[in-house]
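Residues per chain, in single letters:
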Amino acid sequence: MNTLLLNSINFQRLSYLSIISHSLLIFTMSVPATAVTPPLADDLDIVIPTIRNLDFLEQWRPFFQPYHLIIVQDGDPTKTIRVPDGFDYELYNRNDINRILGPRSSCISFKDSACRCFGFLVSKKKYIFTIDDDCFVAKDPLGQEINALAQHIHNLLTPATPYFFNTLYDPFREGADFVRGYPFSLREGVTTAISHGLWLNIPDYDAPTQLVKPLERNSRYVDAVLTIPKGTLFPMCGMNLGFHRELIGPAMYFGLMGDGQPIGRYDDMWAGWCAKVICDHLGLGVKTGLPYIWHSKASNPFVNLKKEYKGIYWQEEIIPFFQSVVLPKDCTTPQKCYVELSKLVKEKLGPVDPYFVKLAGEMVTWIDAWNELNPSADVAPVKKTDAVAPKKK
Amino acid sequence: MSPASVNDNEVDIVIGAFRSDLTSFMEEWRPIFSRFHLIVVKDPDVKEVKIPEGFDVRVYTESDIVKVVGSSKASLFSGYSSRYFGYLVSNKKYIISIDDDCSPAKTKDGDLVDIVAYHLNNLKTPATPFFFNTLYDPYQKGSDFVRGYPFSLRSGVPCALSCGLWLNLADYDAPTQALKPDMRNTRYVDAVLTVPLKSMMPMSGVNIAFDRELVGPAMLPALKLVKEGKVRWETMEDVWCGLVVKTVCDHLKLGVKSGIPYVWRNEKGSAIDSLKKEWEGVKLMEDAVPFFETLRLSRSSVTAEDCVVEIAAAVKERLGSTHAVFVSAAEAMVEWVKLWKAVRSLDH
C-alpha cells in the first residue's frame, strides 16, 4: 500500500482513538433528559454557608434532593436554621466548629461566608459543589431551567486544556472540538479540578463598580465553558463553584475574613489564587463559564466598600506575588504545595501587613486540620471521636 | 454591543481570491463591505477575477506582485498567502481579512452580523492579557471587571489582533472533520475575550482583523506546507502566523482577542481527500508549539520588526534541524521584514 496513505491512516487511527475516546466521554457523561440515577449521587456533597435561612433550596429541590448537603451555619449558633423537608444533610454551627477543631477553629472565619470551607474540611466525598443562599435557578435563552449542578459535574468529569487555547472553547462539550492547529499530543487534556460558574442578574462586581453602576445587570448568556490557561490567574467567585476535593480540597481554604479581621469579600479570591497556582503546578485544570445561576441579592455597596477597601490596595501586591510563585518539584500533593505557599506568603506578603503573617499561620493550621480529618489511606485512620456529631434530620 | 465609531478611511478589507467569479461573495457582503476600500489579491492560479459594480476595490495580480517585490519574492504570496501582499501594500490602520468561501452570519433576529463593526470594536477597546476576567471582555456594553480584578490592570493594553469565529463549517483540521463529517458549529457564543499573556492559540485566517500599525510586520506569510492546497485543511500558514504574532504581542504588551464576530463558513472541499493528501501540517505543530511556548524575546527587541527577526533566528537555530519547512519559514520571515521596511520607506 502506498506509504503515505498508510501513514496517514495510522495517523488517522491515532487521532481517531483520541477523538473517539473523548466523544465516548461526552456521551457517557452527558446528563440524560429523564431522571435516571443522578451522576455522582454518592460522591458529591453540596456545601452551603448560611446565616439567614435556606428557603432558596425549595427551588433547587429537583436538582439537589438526591445529594447530601453540608450546611455551615454562620453567626449566632443559638438560632435554629430550618432545612426544608426531604433533604439529607449535616448542619454545623459555630459551637460544632469549635468543638470539632478545638484550638484549630481559629482558622475558620466567623460572620463571613468564608466559613463555608469548614464544610469542605468535614466532607468525606470526592467532589464538592458550593452555592450561596441567594442564588437561584437561572433559565437559558430557550427558557429552560438550568441544572447548574449537572453542568458542574460535566465540567469536572471532562478534561481541561490549560496548555493551549482552544478558540472554540471547551472541546469536550457536545458540538465542539479542537480546532485546526491544536497539537494532537495535547488533546487528551488534564483532569479538571475546579469548575467556576457564573451569574445572571446581579453580577459579582466589587464595591466601587457597584457604586458607579448600581443598576447594571448581567443579562448576557455566554454559552461557553473554557479552560483558564496555565500561568493565568483569575478572580474565583465562591457563589457557584464545583471542585475535586481529593485533588485540590486542601488549597480551598477561604482565609481569615469577617469578624475581627481587617478584610472581607476576598475569601474566595484568596482561595482561587492559591488553588490556581497549585493546579498549574500539579498539572490540573480550571474551567470557567457555564453554568449560570440567578443571583438575586445585591449586597450593600457601602458595607462592601468597608470590607473590601484594604483588599483593593493589598491585591496590587498580592497579584504580583502569586504571579511569581514557583513551587519546588518535590511538592507533589496539594497539602505540600499549600504549606510551601504559606511560607512564601509569610515571607513575601508579611512585610505588606501583619495580617498576612497571621494568615500564613492559619493556612498551616488549616492543613493540620485537613490532615487530621482526612487521613491519607496509607496512614492508620484517626479514631473517629465524638467530634463528628452532626445534626441530622 | 455599542460599537466604536467606524471611520471608513481607516479600514482596508483584504481578500485572497481563490476563485475567479467573486460576484456572489461580494453581493452577500455588499451591505457590510461597500463603504470600505477593498484589496483583492488574486491567487496566481486563478484567471481574471470578476467583481460586481459598486465597490471601491483594487485588484492585484501576479504581475503587480512582481512589480512591488520582484520575481524572486513573488512566491511568498501564492495560495492562501496571497492576502499578505494586500497587508503589505495597504496604508490603512485596520485590516479585516476573511476567506472567500464565507458568508455573513445572521443574528437570531435575522440581521447580518457586521463583522467590520465588531472587529473594530474589539480593536478599539483595550485588551486585558495580564489577568483573566470571568465576565469576558469588560469593555463590552453590559459587562465590566469583576470583584477581585486588580485596579492597576483595568486600563488594559491596546488590542492588536481580533480573531473571529465561524458558524456552520468550523475551522477544524482534516482528521477531526473527516471523523465527524456531519458536525457543524451551531453554537453562537456571545462573547469576546482576551487570550491571556503567554497562552498560545491557533489563529485561523478565515476571519481576522488587526491593527496594521501595531503588528503589521508580524502578520506574515512564512510556513508553507510542501503540499499546501486551496482548502484550509491543507494549510498551516495562518496558524504559524498566529504563533508569531501572539509571541510579538506578549513581548510588546499588546493584546489579542478571540470570539465574536462570527462568519458563516460554507462547505468546500473534502476532509478525507485533504487528509490523504496533506497531514504533514498537524505533525509540524508538535514541534512548533513547544518552541513558541518557551520562546522569550530579548529586551532589545522593541518593535514588531525586531521581534520577527529575532523569532526567525530562533526558528532557524532551534527548529531548523527538525524539518526543512522551518528553515524556509525562518528565511521567509526575514524576507518579509525586509519587504515591509522597503515598502514603508517608499511611502515616506
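Throughout this document, residue positions are counted from 1 along each chain, in the order its sequence is written. Starting at A for chains and at 1 for ligands, labels are handed out in the order in which the entities are written. Only residues with pLDDT of 70 or above have their local features reported here, since the model is predicted, and side-chain atom pairs are shown and tallied only from 80 upward, although totals for entire chains, interfaces and linings are computed over all residues. Water and hydrogen atoms play no part in the side-chain values, which are based on all heavy atoms of the structure.

Colleague: Could you clarify how one ought to interpret the overall build of chain B in this entry?
Modeller: A count of helical and extended segments in chain B gives 11 helices and 9 strands. A compact globule built from 348 residues would reach a C-alpha radius of gyration of about 20 Å, and chain B, at 19 Å, matches this within 12%. Dimensions of chain B, computed from the C-alpha atoms along their principal axes, are close to 55 × 50 × 50 Å. Think of it in three bands: with a 1.4 Å probe and only protein chains considered, a residue is buried below 20% of the maximum accessible area for its type, exposed above 50%, and partly exposed in between. Here chain B holds 348 residues, and the buried ones make up 62% of them. Surface exposure here means Shrake-Rupley accessible area, sampled with a 1.4 Å probe, where a residue is shielded only by the protein chains that are shown. Here chain B displays about 12,300 Å² of accessible surface, and carbon together with sulfur accounts for 51% of that area. The helix count covers DSSP runs of H or I at least four residues long, the strand count covers runs of E at least two residues long, and both are numbered beginning at the N terminus. Here the globule rule reads 2.2 Å times residues to the power 0.38, and the radius of gyration is calculated from C-alpha atoms.

Colleague: Please clarify how the packing of aromatic side chains should be interpreted in this entry.
Modeller: To describe a pair of aromatic rings, you give the distance between the ring centres and the angle between the ring planes. Any two of the Phe, Tyr and Trp rings considered here, Trp counted by its six-membered ring, make a pair once their centres fall within 6.5 Å; the pair's planes then place it as stacked at under 30 degrees, edge-to-face at over 60, or tilted in between. This structure, assessed with the given rule, holds 38 aromatic pairs over all chains. For the ring pair A:Trp314 and A:Tyr355, a centre distance of 5.4 Å and an interplane angle of 15° mean the geometry is stacked. On the criterion of sequence distance, the pair formed by A:Trp314 in helix α9 (residues 301-324) and A:Tyr355 in helix α11 (residues 354-373) is long-range, its members being 41 residues apart. Accessibility assignment for this pair places A:Trp314 and A:Tyr355 in one class, buried. Here the aromatic rings of B:Tyr87 and B:Phe210 are separated by 4.7 Å at their centres, their planes lie at 70°, and the arrangement is edge-to-face.

Colleague: Explain the packing of helix α7 (residues 237-252) of chain B against helix α9 (residues 280-294) of chain B to me, please; I cannot follow it from the model alone.
Modeller: For any two helices packed against each other, one specifies the inter-axial angle together with the distance between the axes. Residues and elements named next belong to chain B. Contact geometry of α7 with α9 gives a least axis separation of 11 Å together with a crossing angle of 5°. Here α7 is positioned roughly parallel relative to α9, judged by the angle of their axes. Along its contact with α7, which presents Val-239, Trp-240, Leu-243, Val-244 and Thr-247, the element α9 presents Met-285, Ala-288 and Phe-292. Helix axes use the C-alpha atoms of the stretch in contact, all axes being lines fitted to C-alpha atoms, and the angles between their N-to-C directions lie in the range 0 to 180 degrees. Roughly parallel here means an angle under 35 degrees, roughly antiparallel means over 145, roughly perpendicular means 65 to 115, and every remaining angle is called oblique. The contact criterion used is simple: two residues touch if any of their non-hydrogen atoms lie within 4.5 Å.

Colleague: Could you clarify how one ought to interpret the side chain of B:Arg212 in this entry?
Modeller: Residues and elements named next belong to chain B. With respect to the helices, strands and loops of the structure, Arg-212 is situated in helix α6 (residues 212-215). Buried and without a salt bridge, Arg-212 has Glu-213 as its closest oppositely charged side chain, separated by 5.2 Å. We call two N or O atoms a polar contact when they sit within 3.5 Å, provided that within protein one can donate a hydrogen and the other can accept it, with sequence-adjacent residues counted only if both atoms are side-chain atoms. Within polar-contact distance, the side chain of Arg-212 engages the backbone oxygen of Ser-90 at 3.4 Å. Polar side-chain contacts of Arg-212 include one of 2.6 Å to the backbone oxygen of Lys-92. In this structure Arg-212 touches Tyr-87, Ser-90, Asn-91, Lys-92, Lys-93, Ile-95, Pro-217, Trp-340 and Arg-344, once residues within four positions along its chain are discounted. The convention is simple: Lys and Arg are positive, Asp and Glu are negative, and His and the chain ends are not counted. Only one rule defines a salt bridge in this text: a Lys or Arg side-chain nitrogen within 4 Å of an Asp or Glu carboxyl oxygen.

Colleague: Help me understand unusual backbone geometry in this model?
Modeller: Backbone torsion omega between A:Leu290 and A:Pro291 reads 10°, so that peptide bond is classified as cis. As for its placement among the helices and strands, A:Pro291 is situated in strand β9 (residues 285-295). In this chain, B:Ile260 is followed by B:Pro261 through a cis amide linkage whose omega measures 15°. Tracing the chain through its elements places B:Pro261 in strand β9 (residues 255-265). Even without a glycine there, the phi angle at B:Lys198 is positive, about 70°. Here B:Lys198 is to be found in the loop between β7 (192-194) and β8 (207-211). Residue classification places B:Lys198 among the partly exposed residues on the basis of a relative accessible area of 48%.

Colleague: Can you help me understand the interface of chain B and chain A in this one?
Modeller: Size of an interface: often given as the accessible area lost when the parts come together. Between chain B and chain A, the residue contacts involve 65 residues of the former and 71 residues of the latter. Linking chain B with chain A are 10 salt bridges. A salt bridge links A:Asp204 to B:Arg147; the nearest nitrogen and oxygen atoms lie 2.9 Å apart. Across the contact surface, chain B and chain A share 24 residue pairs in polar contact (both at pLDDT 80 or more).

Colleague: Would you mind showing me how to read the state of the cysteines here?
Modeller: Note on terminology: disulfide describes a covalent bond linking the sulfur atoms of two cysteines. Any two cysteine sulfur atoms lying within 2.5 Å of each other are counted as a disulfide. Under the counting rule described, the total for this entry stands at 0 disulfides over all chains. Among the cysteines around A:Cys274, which has no disulfide bond, A:Cys337 carries the closest sulfur, lying 11 Å off. Left unpaired, B:Cys102 is separated from the closest cysteine sulfur, that of B:Cys163, by 14 Å. Using a relative accessible area of 1% as the deciding quantity, one classes B:Cys102 as buried.

Colleague: Sorry if this is basic, but what is going on with the pairing of strand β2 (residues 37-42) of chain B here?
Modeller: The side chains of a regular strand alternate, first on one face of the sheet and then on the other. Residues and elements named next belong to chain B. Of all 6 residues making up β2, 6 are buried, and the element is well covered by its neighbours. Taking every second residue as pointing to the same face, both faces of β2 are buried, with His-37, Ile-39 and Val-41 on one and Leu-38, Val-40 and Lys-42 on the other. Note on pairing: two strands pair once DSSP finds at least 2 bridges between them. Direction of pairing for strand β1 (residues 11-17) relative to β2: parallel, over a ladder of 6 bridges. Bridge pairing links Ile-13 to Leu-38 in β2. Crossover handedness is defined here as right-handed if the route from the first strand over the helix to the second strand goes clockwise, with the strands pointing away from the viewer. For the crossover that starts at β1, traverses helix α1 (residues 23-33) and ends in the parallel β2, the hand is right-handed. Note that β2 and strand β3 (residues 56-60) share 5 bridges and pair parallel. Each residue of the ladder has a partner; that of His-37, found in β3, is Asp-56.

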